[in-house]
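# Geometric and topological summary
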Amino acid sequence: MTGTDLGMPAFPPFPEAAREAVHDEVLRANLRHATHTIRDKRARAVAELDDWDRLRAAGKAIKDHTLRHLDRYLLQLEAAVTAAGGTVHWAVDGDEANRIVTGLVLATGEREVVKVKSMATQETGLNEALEAAGIAAYETDLAELIVQLGHDRPSHILVPAIHRNRGEIRDLFRSEMGRWGRPAPEDLGDDPRELAEAARLHLREKFLRAKVAVSGANFMVAETGTMVVLESEGNGRMCLTLPETLISVVGIEKVVPTFRDLEVFLQTLPRSSTAERMNPYTTMWTGTGTGTGTGPGTGTVEGDGPTAFHLVLLDNGRTDALADEVGRQALRCIRCSACLNVCPVYERAGGHAYGSVYPGPIGAVLSPQLRGTATPIDATLPYASTLCGACYEVCPVAIDIPEILVHLRERVVQGGPVTREGVRVRIRPAHGHTAERAAMRAARLLLDRPGALRAGERLLSRARRLRPQRLPGPGRAWTDTRALPDVPAESFRDWWARERKAPQK
């Protein structure tokens, strides 16, 4: 895996980036309105299903089973895709994936591609790699188009342009759209229908002209070699059916064993992401229009869809994360973004502060595993949480994000054995955590000695009137934003002992 941030430059530590973001009142207003709207709609959609908890448990079980046998299902997938007329490529990291895709596009003789919304290609920095090779990549998802026109970065998994309001988007369309193709109308307003129509006209000429498309996939079915893309606008379907060559870059964790397993996620993903009972556009394809696959999902029509299909299976740190017994559950993620919409930290800091294409709670646990914890941003991401547990409660595949956060915090502070590029190594503690390590050692010594703990509690109770308002030294950073709790006059141990001796009423 490369040392770059999943295709991005170096970023400041999360506390620095977040501190700047929370002072942007427009950003906070945009985030608050959007996240509250989405999460309220999601709650109503989920409440309609009496068996939501069982669906959640089933999704977790399917993903865990698949991860335990990932090697077998990936080989099965490769065989099925090849039998259906596709070609499978394996990419150990983002750089290799970019080289493969760039070579495939150049081999067609084309110099432009249309793209379906894909977090995997954002992760690898594919657009920049294609540009360096003289290939223009056009995003066709509306929110991704907004981000691209603004030379910006996505700040949300589901709604990449969540940090922009309608007025900002109108101004962006007016000033930038003409440089990329058909310009926006001069009198364009900020009504959503006008903005959508301007984007539709701008993109239509690209759909009709493009010979090559690049996509990701929400799921891959091992038994049939079927790729599945869920989207809400229909732009993805234009990319997946009109071009002659289709290249899909997909993380290896996106595979599911059978077509029947897909049934669970087609119920949970739409409700948990867009709060819809059924996804508006679910596109499935198996191989090429001339493929010979058989079984569920392989009903291709002669001449229908691309004549050349390439699947690039991306590792980029995923097998390293798989080796972590606690952290591997992050690979269950189906990218619904529900955790972002309930997170009090994300709501105030926004996605850019996470320094990754994966923002919010899932990004705080996934990015440090894919990239390691050597950089300032990755060493601070596990602390970008209050540990309130709201993210775990809404996760449709029951990822215990607070558990992974604590696990990664221990790694940052203590160091220890991890897997990097398939090799077991021992990492050193991150810089700046000496006081935290000392405090944890002192706490361990104290908690291992009940007598000393009891004496300390009594001493603290007697000296409670001397409690400072702020802690000295390294503890000052903690009390800069928090109030020290009051010290009780009596410890719980002493209260319990006294109550047990009291006569029963």
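Above: the structure in question.
Here the structure is a predicted model, which is why all the values come from computation and not from measurement. (Residues numbered from 1 in each chain as written. Predicted model: local features only at pLDDT ≥ 70, side-chain atom pairs only at ≥ 80, totals over all residues. Heavy atoms only, no water.)

## A closer look at the overall build of the protein chain
Where we set the bar: Runs of H or I in DSSP of at least four residues are treated as helices and runs of E of at least two as strands, each being numbered from the N terminus. Each radius of gyration is computed over the set of C-alpha atoms, and the globule rule expresses the reference value as 2.2 Å times the number of residues to the power 0.38. Categorising residues by exposure relies on relative accessible area from a 1.4 Å probe, with only protein chains included: less than 20% of the type maximum marks a residue as buried, more than 50% marks it as exposed, and the intermediate range marks it as partly exposed. By the convention used here, residues are in contact when the closest approach between their heavy atoms is within 4.5 Å.
In terms of helices and strands, the protein chain carries 23 helices and 12 strands. For 505 residues, the compact-globule estimate of 2.2 N^0.38 gives 23 Å, and the protein chain sits close to it at 25 Å. On the principal axes, the C-alpha backbone points of the protein chain span a range of 85 × 55 × 50 Å. Counting across all 505 residues of the protein chain, residues that qualify as buried make up 50%. Across the protein chain, contacts joining residues at least 24 apart in sequence account for 72% of those joining residues at least 6 apart.

## Description of empty space enclosed by the protein
The criterion, for reference: Cavities and pockets were defined on a 1 Å grid built from protein atoms only: a cavity is a group of points that admits a 1.4 Å probe but offers it no way out, a pocket is an open group of points flanked by protein on both sides within 12 Å along at least five of seven lines, and a lining residue is one with an atom within 4 Å of any such point. Grid points are joined across faces, edges and corners, and a volume is the space filled by probe spheres set on the points. Gly is placed with the polar residues, together with every amino acid not listed as nonpolar (Ala, Val, Leu, Ile, Met, Phe, Trp, Tyr, Cys and Pro) or charged (Asp, Glu, Lys and Arg).
Considering all chains together, one arrives at 2 cavities of 30 Å³ or more under this definition. When its volume is computed, the largest cavity comes out at roughly 100 Å³. Together, 14 residues line the largest cavity, and Cys333, Cys336, Ser337, Cys339 and Cys395 are the ones closest to its centre. For the lining of the largest cavity, a count of residues per class yields 12 nonpolar, 1 polar and 1 charged. By volume, the second largest cavity is sized at about 90 Å³.

## Some thoughts on helix 9 (residues 166–180)
What counts is decided by this rule: Expected helix span is computed as 1.5 Å times (number of residues minus one). What is called the bend at a residue is the angle between a pair of axes, fitted to the seven residues leading up to and ending at it and to the seven starting from it.
In a regular helix each residue adds 1.5 Å, so 15 residues correspond to 21 Å; helix 9 covers 20 Å between its end C-alpha atoms and thus fits that length. Its axis deflected by about 40° at Arg174, helix 9 carries its strongest bend there. Residues of helix 9 that are buried: Gly167, Ile169, Leu172, Phe173, Glu176 and Met177. Those residues of helix 9 hidden inside the fold are in contact with helix 8 (142–149) and helix 10 (192–209).

## Topic: a nonpolar patch on the surface
Selection criterion: Patches here: salt-bridge-free residues with over 30% relative accessible area, like charges joined within 9 Å, nonpolar side chains (Val, Leu, Ile, Met, Phe, Trp, Tyr) joined within 5 Å. Where accessible areas are quoted, they stem from the Shrake-Rupley method and a 1.4 Å probe; at the residue level, only the protein chains shown are allowed to cover. Salt bridges are counted wherever a side-chain nitrogen of Lys or Arg sits within 4 Å of a carboxyl oxygen of Asp or Glu.
A contiguous nonpolar surface patch, about 370 Å² in accessible area, is contributed by Phe492, Trp495 and Trp496. Looking at the element boundaries, Trp495 is found in helix 23 (residues 492–501). Residue classification places Trp495 among the partly exposed positions, given a relative accessible area of 37%.

## Here's the deal with helix 12 (residues 259–273)
The terminal C-alpha atoms of helix 12, which comprises 15 residues, lie 21 Å apart, in line with the 21 Å expected from a rise of 1.5 Å per residue. At Phe265, helix 12 shows its largest kink, close to 25°. The complete set of buried residues in helix 12 reads Asp261, Leu262, Val264, Phe265, Thr268, Leu269, Pro270, Arg271, Ser272 and Ser273. Backbone geometry just downstream of helix 12 places Ala275 in the positive-phi region, at approximately 60°.

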